[in-house]
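# Residue-level structural notes
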Amino acid sequence: RGNFKLEERTGDACFFGQAAEVEVDADTGQVRIAKMVSAYDVGTVINPLTHQGQVEGGMIQGLGFALMEELLNDEGKIVTGNLGEYKLPNVVDLPNHKTVLVEDHDGPGPFRSKPIGEHSAVPTAPCIANAIYDAIGVQITDLPLTAERVYAALREKIGCGAAKGRP
């Protein structure tokens, strides 16, 4: 057992970034994440197995937030009543994922570590949104980035009125 008490903040933090390679079906708006790369400035990694679990778990959580998780409401009442209607990522949704760790051994934590925790979920949704923008040339700012939203954005881009309810 041991204790750790931070006497002074050093200003060091965990820095991170992600890149995604996406495939977008222009006929349906369906998005497939082909590859993800996550990079983290982590100081000293104390437990590599649980650290990688945090990295991968956060990426999966961010993937769900980006592409599928949505609470629907009707005049303030939640109508997404169960997990059958609330889509969560499963194994077939997961992309090929590579992790790059930069261990600079200069963190404020025990053994000069830096936090990972929720940091691993933070960059995923904007990363995927920007990859979709790069693929189709339309910035979609509402999450989740469902096939319906991507399809509507593509139709709007080419000037087809179907996205606004016109034939």
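On a predicted model such as this, the values are computed, not experimentally measured, just so you know.

## Side note on the environment of Leu-94
- Relative to the elements of secondary structure, Leu-94 occurs in the loop between strand E4 (77–78) and strand E5 (96–102).
- Overall, Leu-94 belongs to the partly exposed group, its relative accessible area being 34%.
- Counting along the chain gives 62 residues from Leu-94 to Arg-32, while the straight-line C-alpha distance between them is 9.2 Å.
- If we skip the residues at most four places from it in the chain, Leu-94 touches Ile-60 and Leu-63.

## Some thoughts on the confidence of the model for the protein chain
- Predicted confidence across the protein chain gives a mean pLDDT of 88, with 91% of residues reaching 70 or more.
- Note that residues 162–167 has pLDDT below 50 and, in this model, 6 contacts with residues that lie over four places away or in other chains.

## A closer look at helix H1 (residues 48–67)
- End to end, H1 covers 28 Å across 20 residues, agreeing with the expected 28 Å (1.5 Å per residue, within 8%).
- Listed as buried for H1 are His-51, Val-55, Gly-58, Met-59, Gly-62, Leu-63, Gly-64, Ala-66 and Leu-67.
- On the buried face of H1, the contacting elements are strand E1 (15–24), strand E2 (31–41), E5 and helix H2 (124–136).

Scoring rules and cut-offs
Each residue is numbered by its place in its chain's sequence as written, counting from 1. In keeping with the predicted nature of the model, local features appear solely for residues at pLDDT of at least 70, side-chain atom pairs appear and are counted solely at 80 or more, and the whole-chain, interface and lining totals rest on all residues. To get the side-chain values, all heavy atoms of the structure are used, and hydrogens and water are removed first. By definition, any uninterrupted DSSP run of H or I lasting at least four residues is a helix, any uninterrupted run of E lasting at least two residues is a strand, and each is numbered from the N terminus. Relative accessible area decides the class of each residue, using a 1.4 Å probe on protein chains only: under 20% of the type maximum gives buried, over 50% gives exposed, and in between gives partly exposed. Only heavy atoms matter for contacts: two residues are in contact if any of them lie within 4.5 Å across the pair. Values of pLDDT, the confidence the predictor places in each residue, fall between 0 and 100. In this analysis, the expected span of each helix is defined as 1.5 Å times one less than the number of residues it contains.

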